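Residue strings, one per chain:
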Amino acid sequence: MTVLAIGLQGPEVEAWQSTLSMLGYDLQPDGDFGMKTQKATIQFQIDRGLKPDGIVGDATRKAAETPGKIAKKEGLFDPGLRFIQAKHFTRPSRPRTVSLIIQHVMENRQTSNTAEAVGAWFSSSDSRDASSHCGCDRDSVVQYVMPNDIAWGAPGANWCGYHVENAGYSAQTASDWATPDNGMMLQLNAEHVAKACEYFGIPKVRLTLDEVAMCVRDALIVQGKKGGQPSSHPGGICGHFDVTRVWQDWRRFDLPNPKLSGWWPDHTDPGSSFPWDHYMELLRAVR
Ligand SMILES: [Zn+2]
């Protein structure tokens, strides 16, 4: 098979354009491999976790022939990111309302490869019942689950949650968080989360426990798992530990006992020294 790239013309180019078009990429097949075809090819490669070089070789052709992997174009609000599809996620039967952007840590050392390595783990069968929408390290953010799909990041807050992993450990101290590497990661995290806020219509505010509980309750009501009227709180940013505290105090927050559904919250990430004030400043500074 001919390797296709920008500048080429002919029936093979037209066939490739038809393939992309059928997969939902915005392209009119004309047999001419121009900028638009290159752009669509790069987007396709990003969506399938391939090297985004805009050149159609064997791996790219093969990925296009593989069904099952759903075209990942719709709802990708930060399309420049590398995508490594996590094994575990749920495609909601109807559109969900995201109100919580939830910060986690990976319990993995900060390197330039942490986000990629955790993505590879989430995509493997070792990942048991876990996933997140994305992960950050000092030089990149990697997408693991499509924003409109449900990642398995925090039981009790998955339907309404957008889950963001950070390289590092919950036990980090304030000075551990203040290293240049972590500073670069928090900046990349903030830039991605700012896009998430815009996409989901979520204000750039850190939520109180009462507000986290409100969003969790609303999600249950909207799904028909709890009676009452939703508050329609627009949501905001919180940590996994906030979700834990809300569910551990389920009586006070008018939530169903999680034990009756067979689980109990215990995650404490992103840890008590996560630099919330600094992070929220970075987030608000992104425009
Ligand atoms: Zn977590």
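Cut-offs used in this document
Residues numbered from 1 in each chain as written. Predicted model: local features only at pLDDT ≥ 70, side-chain atom pairs only at ≥ 80, totals over all residues. Helix = DSSP H or I, 4+ residues; strand = E, 2+ residues; numbered from the N terminus. Rg over C-alpha atoms; globule rule 2.2 N^0.38 Å. Buried ≥ 20, exposed ≤ 12 C-beta atoms within 10 Å, placed from the backbone. Domains from an automatic or database assignment. Core = buried A, V, L, I, M, F, W, Y, C linked by C-beta atoms within 7 Å. Contact = placed C-beta atoms within 7 Å. Axes fitted to C-alpha atoms, helices over the stretch in contact; angles between N-to-C directions. Parallel < 35°, antiparallel > 145°, perpendicular 65-115°, else oblique. Nonpolar A, V, L, I, M, F, W, Y, C, P; charged D, E, K, R; others polar. pLDDT = per-residue confidence, 0-100. Pairing = 2+ DSSP bridges. Left-handed = near helix turned anticlockwise from the far one by under 90°.

**Q** Please give an account of the overall build of the protein that cites residues and values.
**A** When helices and strands are tallied, the protein shows nine helices and eight strands. Its C-alpha radius of gyration of 21 Å places the protein within 12% of the 19 Å reference for a compact globule of 287 residues. Dimensions of the protein, computed from the C-alpha atoms along their principal axes, are close to 65 × 45 × 40 Å. When burial is assessed residue by residue, the protein has 40% of its 287 residues classed as buried.

**Q** Mind laying out the domain arrangement of the protein, listing which residues take part and the relevant values?
**A** The assigned domain composition of the protein is domain 1 (11–65) and domain 2 (82–285). A separation of 33 Å is found between the C-alpha centroids of domain 1 and domain 2.

**Q** Tell me about the nonpolar core, residues and numbers included.
**A** Of all hydrophobic cores here, the largest spans 52 residues; its most connected members are Leu100, Ile101, Ile102, Cys160, Val212, Val216 and Val243. Setting aside its immediate chain neighbours within four residues, Ile101 contacts Tyr162, Val164, Val193, Ala196, Cys197, Ile202 and Ile237. Grouped together as the second largest cluster of nonpolar side chains are nine residues, Leu4, Trp16, Phe33 and Ala40 included.

**Q** Summarise helix α8 (residues 240–248); cite the residues concerned and give the values.
**A** The buried fraction of α8 amounts to seven of the nine residues, a majority that puts the element mostly inside the structure. Along α8, the residues that are buried comprise His240, Phe241, Asp242, Val243, Thr244, Val246 and Trp247.

**Q** Could you give an account of the packing of helix α7 (residues 209–222) against α8, with specific residues and numbers?
**A** The angle between the axes and the distance between the axes are what describe a pair of packed helices. Where α7 contacts α8, the two axes come as close as 9 Å, and the packing angle between them is 75°. In terms of axis orientation, α7 runs roughly perpendicular to α8. Contacts between α7 and α8 pair Leu209, Val212, Ala213 and Val216 from the former with Asp242, Val243, Arg245 and Val246 from the latter. Grouping the amino acids of the contact of α7 with α8 by side-chain chemistry returns six nonpolar, no polar and two charged.

**Q** Hey, could you go over the confidence of the model for the protein for me, with residue numbers and the actual values?
**A** Averaged over every residue, the pLDDT of the protein is 92; the share at 70 or more is 97%. Taken as a whole, residues 68–72 scores under 50 in pLDDT and shows seven contacts with residues more than four places along the chain or in a different chain.

**Q** Kindly report on unusual backbone geometry, identifying the contributing residues and their values.
**A** A cis amide bond links Asp269 with the next residue in sequence, Pro270, at an omega value of 10°. Relative to the elements of secondary structure, Pro270 occurs in the loop between α8 and α9 (276–285). Positive phi outside glycine occurs at Glu107, with the angle close to 60°. Secondary-structure assignment places Glu107 in the loop between β3 (100–105) and α4 (114–123).

**Q** An account of the sheet that holds strand β1 (residues 82–83) is needed here, citing residue identities and associated values.
**A** Here six strands make up an open sheet; going across it, the order is β1-β5-β4-β7-β3-β8 and the pairing mixed. Edge positions in the open sheet fall to β1 and β8 (236–239), since each of these has one partner strand only. Note that strand β4 (residues 134–136) and strand β5 (residues 141–143) share three bridges and pair antiparallel. Residue pairing across strands places Gly135 opposite Val142, the latter belonging to β5.

**Q** Could you give an account of the pairing of strand β7 (residues 161–166), naming the residues involved and the relevant values?
**A** Counting buried positions over the six residues of β7 gives six, a clear majority of the element. Of the two faces of β7, the one carrying Gly161, His163 and Glu165 and the one carrying Tyr162, Val164 and Asn166 are both buried. With six bridges connecting them, β3 and β7 associate as parallel partners. Following the sheet pairing, Ile102 is matched in β7 by His163. One ladder, built from three bridges, connects β4 with β7; its direction is parallel. Across the sheet, the residue bridging to Cys134 is Val164, located in β7.

**Q** I'd like a description of the packing of helix α6 (residues 180–200) against α9, backed by residues and values.
**A** Put simply, α6 and α9 touch, their axes get as near as 8 Å, and they point 50° apart. It follows from the interaxial angle that α6 and α9 lie oblique. Here the hand of the crossing between α6 and α9 comes out right-handed. Residue-level inspection shows Leu186, Gln187, Ala190, Val193 and Ala194 of α6 in contact with α9, the latter providing Tyr279, Leu282 and Leu283. Split by residue class, the contact of α6 with α9 holds seven nonpolar, one polar and no charged.

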